[in-house]
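Read off the chains here:
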Amino acid sequence: MNIYHELEWRGLVYDGSEGVIDHLASGPVTLYIGFDPTAKSLHVGSLLQVMTLARMQRFGHRPIGLVGGGTGLIGDPSGKTVERQLLTEEKVEENLAGLKEQLSRYLDFSGDSGAQMVNNADWLCDISLIDFLREIGKHFTVNYMMAKDSVKGRLGSEAGLSFTEFSYLLLQSYDFLVLHDRLGCTLQMGASDQWGNITAGTELIRKLRRSKAYGLVTPLVTTSAGVKFGKTEAGAVWLDAEMTSPYQFYQFWLNVADADVIRYLKYFTWLDREEIAGLETQLADAPQARDAHRRLAREITRMNHGETALALAEKSSEVLFGGEIGDLAAADVLDIFGDVPSTGVASDLLSGDGASVIDLFVASGLAPSKGQARRLVRDGGAYVNNVRVGDEQAKFTREAFKGGQVLVLRKGRKSYHLLQVEEA
């Protein structure tokens, strides 16, 4: 199958250059997608483009991941309402290292025909302004540049557009030209908001090299409610486990809306038509089972964080519904119950025989009095670390606290509270 048709049935074709279908069918194509190093990690908003490179490689094409070490010093006005703060060279270099590691999880960089990683600072930081204006700038009219959506949107805004960001289109076009010359790259891909930048690059190659180059863009990913994808109340969902834990990452995908889950299965997983069609049927017949959501969360978490992290994320997810806490670390418990109320408990109260279950439930506020705490225990509604406590005389020392730091109390099925040790 032509990779174009694979992308098409997955809903990943928004627009493309004339002739791009035949070009992709003609043999292995070298293509690139650019990634902006504004942070040390990509977030899930970039994952569609990462997966697009990976799909192209699976179909025998040669992907290039371009990391914008040069353009990252300038800033892309596409989709931005205000000019962003410029990054230092040191910060860009720090971010580049993280992005390279993340792309290697999805792309095979081994062998002569493997994926390649390039940094546009290697050529953008070496060319002089005069040379750039003479060799590149003279091929673009201001009228042409002002007609681009990324420019028009900002010119009409209160923030306006600086010459710095206005020049971004020329720099990205030059990237395409350099990759065409050095690596035989004939296709640039990206999100639909990059269409203007991409077509400018194809035009530059046509003018300077009398050669045909192509563009192919995917839709911008939004939720069914029209909200920008990858944003939560806590902020962006990152691919870096230190910035978004595997548990939080898993929960993000598990909690997508029913209206989005099948589309995201097509976008972000390797599942084929038959598997996705089966999950779509299950969603229609038994939406409460959430089979499609679990499959989505499993596939992407495994791909990004590995099997071990997936197993821990699933175990952590079960803990929320009363599963055994077992040998989870204190950090995992705090991650799982990050939104649960917590109370500090003095470490000296846990010395000796420890604190009674009655006192702990009263201290947490889950029981307003010792009498009600006793009734809660007798009625089987008191849980410590998700284990039911039936003895009113039970006591707990610091050893019961995960990592010696945190204890999970539960009243009934859903009322949780954390106790965290406060050192004397």
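See the structure shown above.
What comes next concerns the included structure. (Residues numbered from 1 in each chain as written. Predicted model: local features only at pLDDT ≥ 70, side-chain atom pairs only at ≥ 80, totals over all residues. Heavy atoms only, no water.)

## Some words on the overall build of the protein chain
Stage number 1. When helices and strands are tallied, the protein chain shows 19 helices and 15 strands.
Stage number 2. The principal-axis extent of the C-alpha atoms belonging to the protein chain is close to 85 × 50 × 45 Å.
Stage number 3. Here the protein chain, with 424 residues, has 51% of them falling under the buried criterion.
Stage number 4. Accessible surface computed for the protein chain: about 20,100 Å², of which carbon and sulfur atoms make up 49%. (Helix = DSSP H or I, 4+ residues; strand = E, 2+ residues; numbered from the N terminus. Buried < 20%, exposed > 50% of the residue type's maximum accessible area, 1.4 Å probe, protein only. Areas by Shrake-Rupley, 256 points an atom, 1.4 Å probe, with all protein chains shown as cover.)

## A word on the sheet that holds strand β9 (residues 342-346)
Stage number 1. Reading across from one edge, β9-β15-β14-β11-β12 is the order of the five strands in this open sheet, with mixed pairing throughout. Each edge of the open sheet is held by one strand with a lone partner, namely β9 and β12 (387-388).
Stage number 2. In the sheet, β9 pairs with strand β15 (residues 415-422) via five bridges, with the strands oriented parallel. Within β15, the residue paired with G344 across the bridge is Q420.
Stage number 3. Against the sheet, helix α18 (residues 357-364) contacts β9, β11 (382-384), β14 (406-411) and β15, and its axis sits at roughly 85 degrees relative to β14. (Pairing = 2+ DSSP bridges. Contact = heavy atoms within 4.5 Å. Axes fitted to C-alpha atoms, helices over the stretch in contact; angles between N-to-C directions.)

## A few points about the environment of R294
Stage number 1. Within the secondary structure layout, R294 lies in helix α15 (residues 291-305).
Stage number 2. The sequence separation of R294 and W238 amounts to 56 residues, and the corresponding C-alpha distance is 19 Å.
Stage number 3. Setting aside anything within four residues of it in sequence, one finds R294 in contact with Y250, L254 and A289.
Stage number 4. Within the structure, R294 has its side chain in polar contact with the side chain of D291 (distance 3.1 Å). (Polar contact = N/O pair within 3.5 Å; in protein donor to acceptor, adjacent residues only side chain to side chain.)

## Remarks on the pattern of salt bridges
Stage number 1. Scanning the model with the defined rule gives 17 salt bridges in all.
Stage number 2. In this structure, E242 engages K40 in a salt bridge whose closest nitrogen and oxygen atoms are separated by 4.0 Å. Linking E242 in the loop between β8 (235-236) and α12 (246-254) with K40 in the loop between β2 (30-35) and α3 (47-58), this pair joins segments that are 202 residues apart in sequence.
Stage number 3. Its relative accessible area of 71% is what places E242 among the exposed residues. (Salt bridge = Lys/Arg side-chain N within 4 Å of Asp/Glu carboxyl O.)

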